[in-house]
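The lines below spell out each chain.
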Amino acid sequence: MADQVTMGRFVGRTQQLAWLRQLLARAADGQPLVALIGGEAGVGKTRLVEQLAAAAEEQGVRVLGGGCVPLGEEGLPFAPVIQALRGLADQLEPAELRAVAGPARQELARLVPDLAWDGEAATGAAVLGTGQAGQGRLFERLLGVVQRLAASAPLLWVVEDLHWADRSTRDLLAYLAAALRSGRVLLVGSFRSDELDRRHPLRQLLGELTRNRRVQRLELEPFSGAELAEQLAGLLGADPPTRLLDDVYARSQGNPFFTEELVLAGAGDAVGPGALPPNLRQVLLTRVVRLGDRTQQLLRVAAAAGPGATQPLLAAVTGMSDQQLLEGLREAVDQQLLLPEPGGSDGYLFRHALLAEAVYGELLPGERVRLHSALASALEAGVEAGDALASRAARLAHHWAAAGDQPRALSASVQAATAAERVYAFAEAQLQLERVLALWDQVPDAEQRAGMDRVSLLARGAEAAHAAGDPDRAAQLVRQALALVDQARQPQRAGLLHEQLARCLLWLGDPDALGEQQQAVRLVPPEPSAERARVLGWLAQLLVLVSRFAEARELAEEAVAIACQVGARAEEATARTALGYALVHLGEADAGLAELEAARRLATQAGDVILALRAIVNHSDGLLAAGRLDQAAALALDGLDQARRLGLARLNGPILAYNATQALVALGRWDQAERVSRQGLEGAPSDAASATLPLARAALELGLGDLDAAEARLQAIRQLLPASIPGVQKAGPLFCALAELKLWRGDPEQAKQLVAEAVPLVAANPREAAPLYALGVRIEADRAELARARHPSQPAPDDATAAALLDRLGQAAQGPAAAGLPELAAWHATALAERTRQQGPADPAAWATAAAAWERLGQPYRAAYAAFRQAEALSAGGDRDRATTVLGRAAAITGRLDARPLDSEVTALARRARLQLTPPARTAAPAAGPPAPAAQLGLTPREAAVLALVAAGRSNRQIAQALFISPSTASVHVSNILAKLGVTSRVEAAAIAHRLGLDQR
Ligand SMILES: Nc1ncnc2c1ncn2[C@@H]1O[C@H](COP(=O)(O)OP(=O)(O)OP(=O)(O)O)[C@@H](O)[C@H]1O
Ligand SMILES: [Mg+2]
């Protein structure tokens, strides 16, 4: 990083610098890290980072730098990235640069046209695909550049002034922080913490980043009195008199920038501090008014132009001769007001942004307008401004807007939007298009200027908003467009807008998506066309999502036929995907899987990588549904590899990792599932669209007994999802996991409620409903056992829930879908066995059937649960030998998987039934909580211990001795226990403890 003008020697900051150097050392060891430095304006963030950069360069670390640029609300797309890339181009030989750029060559050339290789033009249509996918791939390519760079030397990349960052830059940083998992990289970001009001967009990014354990944060404080004294001494060349020190400290509050300005403005002069203006802004301006008129004029133009204004631009706007301009610039640089832009371009910056703000703030309104007009005209006339294309367009739009020239601002914003789209800066494109919209009514010839009508503008703005991750706004814009279209006269146009709206709504989880898509099908003319095939195919997909498989099948078949007829491959792939899904769920697994495979082939042939990956997602999910777990896992893992290679891991990675994790968990390959889900989550954006992977992860955590982690994840998902969840795909597993969690936590009543809440949500989809029904019956069985333990003489109450759930499950398992969905039968067998446990006594044969069903499906964990219950039933019936064998089988699985909650149930059963588990030396892993029976009774671990002693006939005094508590505490515990067990005497409590095996401690 080139040195900025620095004044005085470097003061203090020893700890902070040591901390940063330590992070750099760790990063250089191959552990990528991110450091965020916050602090008020002028407190010394830049100076600190420069100090670090200088030390780093000495150690052979490569340093890249760049800052975000304050310019209008839209910002310059990827400004700091462009700066860093330019710096890189200066540091590397062309051949090296080309090697580092690798597959990202074209994209880099697009961002920074002066990098274009061998005159290779960076023009043409978007190379990376459209929308989010394009941006996702750009990000991954940039990640690749960072990794290749870090391979040859450790890399320190500084991105300054994040409070001004454009949205695309913020997204990129979020991505890099999440996706950089190896490589010798330290990413340092700085921002003004005093500029972050509650609604500042950087807040969200900071929040997101702080959840990442590789991100560290530092808040830089103003100087202490002693440090300020040292700074002053450095600036004045002598120790400051106490009065001066006190005065400067009182005004600068230890802020080093203000201190410098106070000194420059004359605080050190003999005149004495009293002569200084009181207000800090005036302090800043005192130095300006001392300059020559021309230099002041130059500064005003530079302030309006924004950072990096070039000599030609300044000359054009000030109308000065070269000689005059150079003199003015020299004076401004000598007086430390301006400095040449680092990196050898011929632009100029204010020494400090606060100075630019002060100068700009002094401009009269009319003068501002005049300056911005002149700047815009100069840019439009082609004066070299040193900007990349997208930045230049954005700058032009900014100046015309600030000049109040609405027609020109409108034209310029359209161009800026196009330029932003070309570099995948969709958020900026959206903002520019929104500005066009805002200007539309004020500009008489808006349509000619924009080159499109208002409907197209709205649709395009919506597309940009969608791609920028704002489906809410996208939906609003499409709705506005729809209001302007006459359906009767332009049915196709209206139909396609309805489809666009449906896509936004689907993303938002809004069930109205279906109605919109149906409207699209009604409107798009029935004659065969690619559009017709598309709207039909998507309607079929939506119907699949809401489990209306038979209708989906019919429409999908129609769509396939039309797509074939008109030769629309991508549309055919979409339609066949819907068809395949529908068939699997209608019981025709083989035919369905064949369609899904065909869709995958078509997508590949169509050369559409995004469609191809989506087809892999769908095919692997189809395999999962059809119980072909090995194939599902292999395909999804292969898809993950491809996504990574194609630079689409962020977009498609989470859902592929979801499919893979589900298959791996079911197959009992938990170690691998743990890895895949963890890596997938690290690279995932943190919004609702990716809520599926956390679900699979939570299911794994439940199995492993990491209940807290699972709970946090599940609650977060529940909040992410809108109140009405149309996607059964999420509601089913979410509620199952929540209810199971409650069960492990010993709260069957809550679990029961959750199941009741979820049943109507999943009822239409047998695949998602079956596990929930079975879990519901299990909960009823637990409740019945508990009731019998409490009141052995009475039959357990039965509110008919279990029978109803079992009935529904039976219908699903015997329905036509069961042929395609083999899990249905296994769930049914499980629920039948749970039903015997509920009614008591549990039937070991029923459990044996369930266990065998899961074994046949190759799902060890579920088989182990059934085996555990089978052993429990066998031992209750007195068949200890078989109980031992069967329980041994369960134990082998829970031990291998490290499935702690189930494992501790298994061990507890072995203990209370005195069954010898092999290998005998096997010790139970520490249980995730108290053993389930105690927890189900609502007992704390301490109370469980007390109960065991009560059961052994001990008195309160003896209990107190044994547990090192006072007798009165023991007595309190005992009364609590009696209350929780719903009994009145110690004898009754002891009986319950015996029955539940709680007397063995
Ligand atoms: N540790 C230090 N020793 C000496 N001078 C310092 C120190 N820190 C900051 N300064 C001086 O204070 C001025 C402001 O510092 P700097 O530009 O680093 O602030 P900043 O926090 O980056 O401000 P901004 O938020 O506006 O970017 C600089 O001119 C710098 O020379
Ligand atoms: Mg700074």
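Residues numbered from 1 in each chain as written. Chains lettered and ligands numbered in written order. Predicted model: local features only at pLDDT ≥ 70, side-chain atom pairs only at ≥ 80, totals over all residues. Heavy atoms only, no water.

Caption draft 1: Structural context of the sheet that holds strand β4 (residues 185–192). Spatially, the five strands line up as an open sheet ordered β2-β3-β4-β1-β5, and their pairing is parallel. Edge positions in the open sheet fall to β2 (62–67) and β5 (215–219), since each of these has one partner strand only. Taken over all neighbouring pairs, the strand axes of this sheet differ in orientation by 15° on average, direction set aside. For strand β3 (residues 155–160) and β4, the ladder comprises five bridges, and the chain directions are parallel. By the bridge assignment for β4, Val158 is matched with Val188. Of the strands in this sheet, β1 (33–39), β3, β4 and β5 touch helix α1 (residues 14–28), which is tilted by about 160° from β1. (Pairing = 2+ DSSP bridges. Helix = DSSP H or I, 4+ residues; strand = E, 2+ residues; numbered from the N terminus. Axes fitted to C-alpha atoms, helices over the stretch in contact; angles between N-to-C directions. Contact = heavy atoms within 4.5 Å.)

Caption draft 2: Fine view of the layout of surface pockets. Size it by volume and the second largest pocket reaches roughly 710 Å³. Forming the walls of the second largest pocket are 29 residues, and the residues nearest its centre are Glu785, Glu872, Arg912, Arg995 and Leu996. Contributing elements (two or more residues each) for the lining of the second largest pocket: α36 (728–744), α38 (766–790), α42 (860–876), α44 (900–912), α45 (932–936) and α49 (986–996). If you tally residues by element for the lining of the second largest pocket, the top one is α42, at seven residues. A per-class count over the lining of the second largest pocket returns 16 nonpolar, three polar and 10 charged. (1 Å grid on protein atoms, 1.4 Å probe; cavity = no way out; pocket = protein on both sides within 12 Å on 5 of 7 lines; lining within 4 Å. Points joined across faces, edges and corners; volume = space filled by probe spheres on them. Nonpolar A, V, L, I, M, F, W, Y, C, P; charged D, E, K, R; others polar.)

Caption draft 3: Region of the structure containing empty space enclosed by the protein. What the rule picks out here adds up to seven cavities of 30 Å³ or more. Empty space within the largest cavity amounts to approximately 90 Å³. If you trace the largest cavity, you find it lined by Leu64, Val81, Ala84, Leu85, Leu88, Leu142, Val145, Val146, Leu149, Leu155 and Trp157. Considered class by class, the residues forming the lining of the largest cavity number 11 nonpolar, no polar and no charged.

Caption draft 4: Geometry of the site of ligand 1. Lys45, Thr46, Glu260, Arg351 and His352 are the nearest of the 20 residues found near ligand 1. Val43 has a polar backbone atom sitting 3.3 Å from an oxygen atom of ligand 1. Sorting the residues of the shell around ligand 1 by element identifies α2 (45–58) and α11 (256–267) as the ones contributing at least two each. Here the shell around ligand 1 is built from residues that sort into seven nonpolar, four polar and nine charged. (Near = heavy atom within 4 Å. Polar contact = N/O pair within 3.5 Å; in protein donor to acceptor, adjacent residues only side chain to side chain.)

Caption draft 5: Inspection of the confidence of the model for the protein chain at higher detail. In this model, the protein chain carries an average pLDDT of 86, and 91% of its residues clear a pLDDT of 70 or more. Across residues 121–127 the pLDDT falls below 50, and counting only partners more than four positions away or on other chains, this stretch makes 14 contacts in the model. (pLDDT = per-residue confidence, 0-100.)

Caption draft 6: View of unusual backbone geometry. Of note, the amide linkage connecting Gly840 to Pro841 takes the cis form, showing an omega dihedral of -10°. One can find Pro841 in the loop between α40 (823–839) and α41 (844–856). In this structure, Asp898 takes a positive phi of about 60° despite not being glycine. With respect to the element layout, Asp898 can be found in the loop between α43 (880–897) and α44. Residue Asp898 is classed as partly exposed on the basis of its relative accessible area of 33%. (Buried < 20%, exposed > 50% of the residue type's maximum accessible area, 1.4 Å probe, protein only.)

Caption draft 7: Examining the pattern of salt bridges more closely. This model, assessed by the stated rule, comprises 40 salt bridges. For the salt bridge of Arg553 with Glu557, the shortest nitrogen-to-oxygen distance reads 3.4 Å. Here Arg553 and its partner Glu557 are both found in helix α27 (residues 549–566), four residues apart, which amounts to about one turn of the helix. Here Lys980 makes a salt bridge to Glu943, at a shortest N to O gap of 2.8 Å. Here Glu943 lies in helix α46 (residues 941–951) and Lys980 lies in helix α48 (residues 967–981), a separation of 37 residues in the sequence. Taking the relative accessible area as the measure of exposure, Lys980 reaches 32% and is therefore partly exposed. We classify Glu943 as buried; its relative accessible area is 5%. Members of the salt-bridge network, linked through shared partners, are Asp782, Glu785, Glu834, Arg837, Arg869, Glu872 and Arg912. (Salt bridge = Lys/Arg side-chain N within 4 Å of Asp/Glu carboxyl O.)

Caption draft 8: Local environment of the packing of helix α29 (residues 589–605) against helix α30 (residues 609–625). Look at α29 against α30: their axes get within 8 Å of each other, and the N-to-C directions meet at 165°. Comparing their axes, α30 and α29 come out roughly antiparallel. The two elements α29 and α30 meet at a crossing, and its hand is left-handed. Across the interface between the two elements, Leu593, Leu596, Glu597, Ala599, Arg600, Ala603 and Thr604 from α29 touch Leu611, Ala612, Ala615, Ile616, Asn618, His619, Gly622 and Leu623 from α30. Along the lines of polarity and charge, the residues of the contact of α29 with α30 split into nine nonpolar, four polar and two charged. (Parallel < 35°, antiparallel > 145°, perpendicular 65-115°, else oblique. Left-handed = near helix turned anticlockwise from the far one by under 90°.)

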